[in-house]
Amino acid sequence: GWIYMSKGNSKRMMQWGVIGWGTVILGMIYGLQWGALGVARMAALTMYLVLIPCLLYAFKNTELSLRDVITACWRPVVASIVSAPVIFFSLPLLREQHLLLVVVASAIFYGLCYLVLLLTVFGMRRDIQELYSKFYKQIFKRSAATQSNL
């Protein structure tokens, strides 16, 4: 949606919504024969299958290209994929724990692995510092504005 909205192409966004979500819904219906797990798997599969066509359709008549997105996103995507097994391998350590603890611990393990990869392997320290700085300034401005209104 960010591409369509920034270019004022809400009509194209609606058109893709019908095509993209129609494909995902059909995949989910097909997955019904294997139960809830089949529906989930087909939803994920169809979302991955429509991703590239979705981006290509959104980039049509814009300055953006698929290469631009891949260049900007490959490091976080790879870090995410590499970090995912951390959750899988940490689950036996959390056996017979409360579900909330399992979810929180898994999120912490994943987040730490992801952050370490981005900082060390992918050298994104400056990018993360800039993002944090912008986020902090935005939050600080909002809280200062809220206090001045009191």
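Because the structure is predicted, anything quoted here is derived from the model rather than measured. In this convention, every chain numbers its residues from 1, walking through the sequence in written order. Confidence filtering applies because this is a predicted model: local features only for residues at pLDDT of at least 70, side-chain atom pairs given and counted only at 80 or more, and all residues used for totals across whole chains, interfaces and linings. Hydrogens are left out, water is left out, and the side-chain values use all remaining heavy atoms of the structure.

Colleague: Residues and numbers for the side chain of S90, please.
Modeller: Among the structural elements, S90 can be located in helix α4 (residues 66-90). Working definition: with a 1.4 Å probe on protein chains only, accessible area under 20% of the residue-type maximum means buried, over 50% means exposed, and in between means partly exposed. Judged by its relative accessible area of 5%, S90 is buried. Here a polar contact is recorded for every N or O atom pair within 3.5 Å, except that within protein the pair must consist of a potential hydrogen donor and a potential acceptor, and residues adjacent in sequence are included only if both atoms are side-chain atoms. One polar contact links the side chain of S90 to the main-chain carbonyl oxygen of I87, over a distance of 3.0 Å. We call two residues in contact whenever any of their non-hydrogen atoms come within 4.5 Å of each other. Contacts of S90, omitting those with residues within four sequence positions, involve S106 and F109. A run of H or I in DSSP becomes a helix once it reaches four residues, and a run of E becomes a strand once it reaches two; helices and strands are each numbered from the N terminus.

Colleague: Account for the pattern of salt bridges, with residues named and values stated.
Modeller: Salt bridges are identified by distance alone: a Lys or Arg side-chain nitrogen within 4 Å of an Asp or Glu carboxyl oxygen. All told, the structure shown has three salt bridges when counted by the stated rule. Note that R75 and D127 form a salt bridge whose closest N and O atoms lie 3.7 Å from each other. Highlighted residues: R75 in helix α4 and D127 in helix α6 (residues 125-149), separated in sequence by 52 residues. One salt bridge in this structure joins E130 and K134, with 3.1 Å as the shortest N-O distance.

Colleague: Could you give an account of the nonpolar core, naming the residues involved and the relevant values?
Modeller: By size, the foremost hydrophobic cluster in this structure holds eight residues: I3, Y4, W16, V50, L55, A58, F59 and V69. Of all the elements in the fold, those that place two or more residues in this core are α1 (2-6) and α3 (35-59). Among the elements that make up this core, the one with the highest residue count is α3 (four residues). Grouped together as the second largest cluster of nonpolar side chains are five residues, A79, L117, F122 and M124 included. Among the buried residues, those of types Ala, Val, Leu, Ile, Met, Phe, Trp, Tyr and Cys that are joined through side-chain atoms within 4.5 Å form a nonpolar core.

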